[in-house]
Amino acid sequence: MKKCFLFLAFAWPALGLAAAPNCNTGEELPLKLMEQELTRSFKILKKQNPPIYYLSYTYKEGENAYLSVAYDGVADKNVKPLSAAEVMARAGSTKLDNTHALRGERENWTLPVWSAPVPNPADPKGFLTAWWQGTQQAAENAQRDFSRVQSNVRSMAAVRDQSDDFVFPPKENYCRTEKLQKIDLAQYEDMLKEASRLARGKDFVLDASFSVNAEQGHRYFADSRGTRLKTPYAFFRMAYQFSGRGKDGLEISRDGIYDVFSPQDFPSREKLLADVKKSLQELEELSKAPEGDPFNAPTILKGRAAAVFVHEVMGHRLEGYRLKNAEDGQTLAGKVGQQVISPLITITADPTQTQFKGEPLRGHYEYDDEGVKARPVTLIENGVLKNFLMQSSPIEGFPVSNGHGRKQTGRRAEARMSVIRATASQTVPYEKLEEMLVEEIKRQGKPYGFIVEDLGGGFTLTGTGLPQSFKLEAKRVLRVYPDGRKEAVRGLDVVGTPLVSFNKILAAGDDDTLFNGSCGAESGWVPQSNIAPSLLFENLELEKTQKSDFKPPVLPAPDAEEEGR
Amino acid sequence: MKKYFFLLLICLACPLGAAQLPDNMYFRAMSDEMRRTQKELRVKGSPRPYFTVYKVTAVTSQTFSAQFGAPYAVSEEPETWLQAAVYMYAGNAKENSSGFVNNMYYFEPAMVSSVPVSYEGLRRVLWQMTDMEYVAAGDSYEKKMAYKRQKNITDDLPDFSKAPKASYVRDITPFVKADGRLYQQLVNELSALGKKWPYLENFGASLRRTQQDIYFLDSEGDFYQYSRPACSLRLSSSLRNKDGYKESLTENIPLECFQTPDAAELRAKTEEFLARLQDMYNAKKAEPYLGPVLLEPKAAGGFFNQLFVRNANNSKPLLSAQAETDGTAGQFKDKLGMRVISHLLDVYDRPQLREYDGRTLPAFMPLDDEGVESQELQLVQSGKLLALPTIRSLVKGQKQSNGHARMSSRTLPRAALTNVFFTPKTSLTQEELEQKLLDRCRELGLEYGYIFPRFAQLKDGKGEINFAWRIYAADGHKEPVYGLRLEGVTTRSLRDVLAAGSDEEVSVFADNATMLSFAVITPSVLVDEIEILPTQRKPDRAPFVALP
């Protein structure tokens, strides 16, 4: 109980548990100036031909601090202030506008929105001129793109989903300020250097890196419908990674990631050193492990690996805008109300959640990048498809946004994942799940099955031009024999297709685990969180991973040679 | 013990009175890894490392920027980073991998741009890059030999010539952090001067102070160490002129590094720049023209840089199985002894010159990137090409390198000029030059001639200039002109220089392909014939909304 109390006390400032407005948008200088220029411009732009019917301004003001250490030395250390503006203009009408997917033209989804660094708002002339420039450019681009859209729509075959291109987001007014947390990078230098020295003399380590990253600040948003927002953001991460390469060119790696609410919550020196030692042991074990063979067998995706699996394999297919893109595979189109995956599983998205078991959720936000209030969504309930992740671009049957329009600065928002969570209606302790795996291996008469302990990431193909498949980079795989013996193997990736593999889930553990990461897709890189229990599959296919063309270096590492002597 | 033995060997090899290998972390890491490389790096059946270079650069930089008086957010501390580059030739002096590339567009050294700042970190990076370079050099060696057999290339020239040991060491003074408040206030003030010109869509000032500390060691024991400072104020602007054309103009004003800038002088230069913007706003569109053009020093610098310097560089073409010809090789490689430029000019290259006319020269190079002491060259006498920059990979008729191998993150060491001086035999005053231009116009029956303050970026002899002066033959009055499209400007134009001024200036150019910097020092020159056509760009509509 005490521990819990302490945690809350520490977490309060950054967690935003209060998450209540504590300022007035009308008194925020950047917002006042943005409103002034936006109102002045929109009055004229809406009368143009074609009209600019919607205009939004986003301004990010904050600080990025980064420290990178390797081999007892600092590779990078900087604290950079951030001051960036972004203008989104929509030309045409909500029915058809410049954001409409251009068919037969691949560049459509990478079309940027105007964005640039801007000077300090304390001097209004420089600040306002930057917005004026951005607005002019964004409006010109929107009109140009709209004419291309009109021509494209006339000449291309009709699409199945004829929904409008945009629905006006509801008017919002919200203001919350958080004091930026002080981060003294120098204080982590010694600790990371000490950790980096643990890799000294280890001939199986080719590269090692340690980092501390802090991104914090405020996002201001104003649009032509009257929405005015100021929201804080803060991400603090300490991480390390080791990699190696076998004589056969196979690359191996281990890593550690600590996402925290406040720099004070970074792991202690003792904890970091202990974790690093464990990772080095695992890397050494992997460096000696045999290469695995492609095989289809009963498999457990453990904790973090299951979270990545849910994200890649099902999460991307629940992003609503894909359903109106004729070039997308639309795996789940027309399946609302139908059983699409194992009835054991429910999948939700809830960006309003701030933490999971004391760890911050990187996918949390209060308002999405289109100014729509974040809200929880049940996407799949007991295997039945219920909903999609929605931005302010309707799809058939889903006319409004549910607060998932997200993007990287400089890109156009698309429906993206936030905090994705898979839960199981029935769970068993993890140890029991392993027993069930062995039983399943025996039942199927397989020589062995797999436990995938860690996935590093992966990709999923959703376009119609390629198979609707996924490939996930397995970082640590154990072969499990019918007698329960385990053996680490290298060089295998998890592959498959979504509907088949998700229907092969037999059981789930009670060990829900968080994987915080960043996901790159059409609208750029966005921070995300994925939570899932360990999952037992009747079978999953593992195939060989891509090898490097290069051998390890001819000479041993200088420090390894010194150790050898 | 072995480490000390190696250091001793290096020092014994140095010429009498030469500098000692400095005792710092960079050289300790470089020499320790170099020793291992030369002694132990072998793969059975592959050629051995023959010549290896390590170059480490510690960069520190501070920038202050503002637009219309409003500051951009900047870091309080200077940015610092450590880069390391490695290249290697495998084989032997007679036959090695030098000069052969797999790809004619990308031939870079192994490079890491954020090296951990520690002995161990630098050693690890050098170790990995050396290994990569060894693999690449072995591959190039085999392919080069096969290519030479296929093309029946049997010259007797060694692939890599001998060179005397050389070294150059200057103490490294730590970067002096600027008074942030003072510098920020200055750029705020300078950029605020643009507020009074209502047609300016953007006006910014950015002051940058940079110091590169460079450490070089090769496998023959050549080494150098020195700092290269660079400080400048950049003014940038954009506007829509009276006819609706979007135009932009930038000006780099060099600053005395690590001295407090003279605010009054910079204000005056900013006002001059703003006056040019005013002229640009009111300028008339160019019309077709064929006749003499007076190039002011910066324009002459651009003209000579593109037509002379580029063609004097890379005198030995690269070999590659991918392409029969090397498009990067300069055109002058076959023109030694021929007239390549007006007889009025002599041309020199002075790599050992660190400063000129109070300005730091970015191409200063005491030793080149093959460890050879750089030599001053007289490239041209009375228009005739006497010499070209060379490296240790020889061309026919050449006995040794003249120390002009230059390397960057984008290119392996290749022959390149540095600080190039265009010196007229006789020089005229500005008034005399303008008069000569007008006389020539009258002689040709032209109503007017042109004066270019800047030159175009040429591609295949074509390029655009967004601002120039038209000067009328009748009364010498001038009017600003925009939208000049140049046609047919080739090396032929170098021979059309009719006269030169006495207003010599230093201009610095960075080559986009190689990232190498060149200084061109030249006065104004009068070129007899340049063809100008009006731009084919279209004007833009007026902004939807008036400036705030």
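Residues numbered from 1 in each chain as written. Chains lettered and ligands numbered in written order. Predicted model: local features only at pLDDT ≥ 70, side-chain atom pairs only at ≥ 80, totals over all residues.

**Brief notes about the overall build of chain B**
On a plain count of helices and strands, chain B comes out with 7 helices and 27 strands. In terms of overall size, chain B behaves like a compact globule, its C-alpha atoms giving a radius of gyration of 26 Å where 548 residues would be expected to give roughly 24 Å. Here the C-alpha coordinates of chain B stretch approximately 80 × 55 × 45 Å along the principal axes. For chain B, contacts bridging at least 24 residues in sequence account for 76% of all contacts bridging at least 6. (Helix = DSSP H or I, 4+ residues; strand = E, 2+ residues; numbered from the N terminus. Rg over C-alpha atoms; globule rule 2.2 N^0.38 Å. Contact = placed C-beta atoms within 7 Å.)

**Here we look at the overall build of chain A**
Across its full length, chain A holds 9 helices and 24 strands. Expected size for 565 residues packed as a compact globule is a radius of gyration near 24 Å; at 25 Å, chain A falls within 12% of this value. Based on the C-alpha atoms only, the size of chain A along its principal axes is roughly 75 × 55 × 55 Å. The 565 residues of chain A split such that 49% are buried. In chain A, of all internal contacts separated by at least 6 residues, the share reaching a separation of at least 24 is 78%. (Buried ≥ 20, exposed ≤ 12 C-beta atoms within 10 Å, placed from the backbone.)

**Some details on the domain arrangement of chain B**
Residues and elements named next belong to chain B. Under the domain assignment, chain B is made up of domain 1 (2–184 + 209–231) and domain 2 (303–317 + 327–423). Secondary structure elements with two or more residues in the side of domain 1 that touches domain 2: strand S1 (49–67), strand S3 (79–90) and strand S7 (223–240). Tallying contributions element by element places S7 first for the side of domain 1 that touches domain 2, with 5 residues. Classifying every residue of the side of domain 1 that touches domain 2 gives 17 nonpolar, 3 polar and 7 charged. (Domains from an automatic or database assignment. Nonpolar A, V, L, I, M, F, W, Y, C, P; charged D, E, K, R; others polar.)

**Considering the interface of chain B and chain A**
Each partner contributes to the interface: chain B provides 40 residues, whereas chain A provides 43 residues. At the level of secondary structure, the elements contributing two or more residues to the side of chain B that touches chain A comprise helix H2 (25–40), S1, strand S2 (70–71), S3, helix H3 (119–150) and strand S6 (200–218) of chain B. Here the side of chain B that touches chain A takes 9 residues from H3(B), the largest share from any one element. The residue inventory of the side of chain B that touches chain A, partitioned by class, reads 21 nonpolar, 8 polar and 11 charged.

**What about the sheet that holds strand S18 (residues 419–424) of chain B?**
Residue and element names in this part refer to chain B. Spatially, S15-S14-S11-S18-S26-S25 is the arrangement adopted by the 6 strands of the open sheet, whose pairing is mixed. The sheet is open, and its two edges are formed by strand S15 (384–385) and strand S25 (505–510), each paired on a single side. In this sheet, strand S26 (residues 517–522) lies alongside S18 in parallel orientation, the contact comprising 3 bridges. Looking at the pairing, Phe421 lines up with Ile521 of S26. Lying over the sheet, helix H6 (residues 297–312) contacts strand S14 (377–381), S18, S25 and S26, oriented at roughly 125° with respect to S26. (Pairing = 2+ DSSP bridges. Axes fitted to C-alpha atoms, helices over the stretch in contact; angles between N-to-C directions.)

**A closer look at the pairing of strand S20 (residues 492–496) of chain A**
Residue and element names in this part refer to chain A. Of all 5 residues in S20, 4 are buried, a share of seventy percent or more. Here S20 runs beside strand S24 (residues 535–544); their pairing, made up of 4 bridges, is antiparallel. Bridging from a neighbouring strand, Val494 pairs with Leu542 of S24.

**A word on the sheet that holds strand S9 (residues 345–349) of chain A**
Residue and element names in this part refer to chain A. Ordered by their spatial adjacency, 6 strands build an open sheet running S13-S12-S9-S16-S23-S22, and the pairing between neighbours is mixed. Lying at the two open borders of the sheet, with one neighbouring strand each, are strand S13 (384–385) and strand S22 (513–521). As judged from the 5 bridges shared by S9 and strand S16 (residues 419–424), these two strands associate in the antiparallel manner. Its bridge partner lying in S16, Thr348 is registered against Arg421. Its contacts with the sheet place helix H6 (residues 303–314) against S9, S16, S22 and strand S23 (524–532), and it is angled at close to 125° to S23.

**Notes on H6(B)**
Residue and element names in this part refer to chain B. When the local axis directions of H6 are compared, the greatest deviation, roughly 40°, occurs at Asn305. With 16 of its 16 residues buried, H6 lies for the most part within the structure. Asn314 sits one or two positions beyond H6 and adopts a positive phi of about 50°. (Bend = angle between axes of the 7 residues up to and from the residue.)

**A short note on the pairing of strand S18 (residues 470–480) of chain A**
All names here are of chain A. Burial of S18 is extensive: 8 of the 11 residues sit out of reach of the surface. As paired elements, strand S17 (residues 449–460) and S18 share 10 bridges and run antiparallel to each other. Following the sheet pairing, Ile451 is matched in S18 by Leu478. Here S18 runs beside S20; their pairing, made up of 4 bridges, is antiparallel. Within the sheet, the bridge partner assigned to Lys471 lies in S20 and is Val495. The pairing of S18 with strand S19 (residues 486–489) spans 4 bridges and is classified as antiparallel. Paired with Arg479 across the two strands is Glu487, which belongs to S19. In textbook terms, the turn of a hairpin is the stretch between consecutive antiparallel strands, and for S18 and S19 this stretch comprises 5 residues, one of which, Gly484, has a positive phi near 90°.

**Quick notes on the domain arrangement of chain A**
Where the parts come together, the accessible area they lose is often given as the size of the interface. All names here are of chain A. Under the domain assignment used here, chain A contains domain 1 (13–288) and domain 2 (295–544). Here the C-alpha centroids of domain 1 and domain 2 sit 23 Å apart. Listed as interface residues are 43 residues of domain 1 and, on the opposing side, 35 residues of domain 2. Listing elements by their share of the side of domain 1 that touches domain 2, those giving two or more residues are strand S1 (52–70), strand S2 (73–91), strand S5 (207–223), strand S6 (228–245), strand S7 (251–260) and helix H5 (269–288). Looking at the side of domain 1 that touches domain 2, the element that brings in the most residues is S7, giving 5 residues. Considered class by class, the residues forming the side of domain 1 that touches domain 2 number 23 nonpolar, 9 polar and 11 charged.

**Quick notes on the packing of helix H4 (residues 186–197) of chain A against H5(A)**
All names here are of chain A. Close contact between H4 and H5 brings their axes to 10 Å; oriented N to C, the two are set at 25°. With respect to each other, H4 and H5 are oriented roughly parallel. The two elements H4 and H5 cross, and the hand of that crossing is right-handed. Taken together, the residues of H5 that come into contact with H4 (itself represented by Met191, Glu194 and Ala195) are Arg269, Leu272, Leu273 and Val276. Residue composition of the contact of H4 with H5, by class: 5 nonpolar, no polar and 2 charged. (Parallel < 35°, antiparallel > 145°, perpendicular 65-115°, else oblique. Left-handed = near helix turned anticlockwise from the far one by under 90°.)

**So, the packing of H2(B) against H3(B)**
All names here are of chain B. Running from N to C, H2 and H3 point in directions that differ by 35°, and their axes come no closer than 9 Å. H2 and H3 meet at a crossing whose hand is right-handed. Contacts from Met25, Tyr26, Arg28, Ala29, Met30, Asp32, Glu33 and Thr37 in H2 reach Tyr119, Leu122, Arg123, Leu126, Trp127 and Thr130 in H3. Looking at the contact of H2 with H3, its residues break down into 8 nonpolar, 2 polar and 4 charged.

**Brief notes about helix H2 (residues 29–45) of chain A**
All names here are of chain A. Its 17 residues place the ends of H2 24 Å apart at the C-alpha level, agreeing with the 24 Å of an ideal helix rising 1.5 Å per residue. Every buried residue belonging to H2 is among Pro30, Leu31, Leu33, Met34, Glu37, Leu38, Ser41, Phe42 and Leu45, and all of these are buried. Buried residues of H2 fall within an arc of 160° about the axis and therefore sit on the same side. Next to the buried residues of H2 lie S1, helix H3 (124–155), S5 and S6. (Expected span 1.5 Å × (residues − 1). Arc of directions from axis to C-beta.)

**Some remarks on unusual backbone geometry**
The omega torsion across Asn49(A) and Pro50(A) is -5°, close enough to zero to call that bond cis. On the secondary structure map, Pro50(A) appears in the loop between H2 and S1. Non-glycine residue Phe68(B) carries a positive phi angle of around 45°. Within the secondary structure, Phe68(B) is located in the loop between S1 and S2. The class of Phe68(B) is buried, set by 24 C-beta atoms lying within 10 Å.

**A few points about the nonpolar core**
By size, the foremost hydrophobic cluster in this structure holds 217 residues, and its most contacted members are Met30(B), Ala84(B), Val86(B), Leu126(B) and Leu295(B). Once residues lying within four places of it in the same chain are set aside, the contact partners of Leu126(B) are Ala29(B), Met30(B), Glu33(B), Tyr54(B), Ala84(B) and Val86(B). Counting residues in each nonpolar core, the second largest holds 66 residues, with Val313(A), Leu379(A), Cys519(A) and Leu536(A) among its members. (Core = buried A, V, L, I, M, F, W, Y, C linked by C-beta atoms within 7 Å.)

**Considering the confidence of the model for chain B**
All names here are of chain B. Looking at chain B, the pLDDT average stands at 93 and 97% of residues meet or exceed 70. When the criterion is pLDDT under 50, residues 1–17 qualifies, and its contacts beyond four places in sequence or with other chains add up to 18 contacts. Complex prediction metrics read pTM 0.90 and ipTM 0.88. (pLDDT = per-residue confidence, 0-100.)

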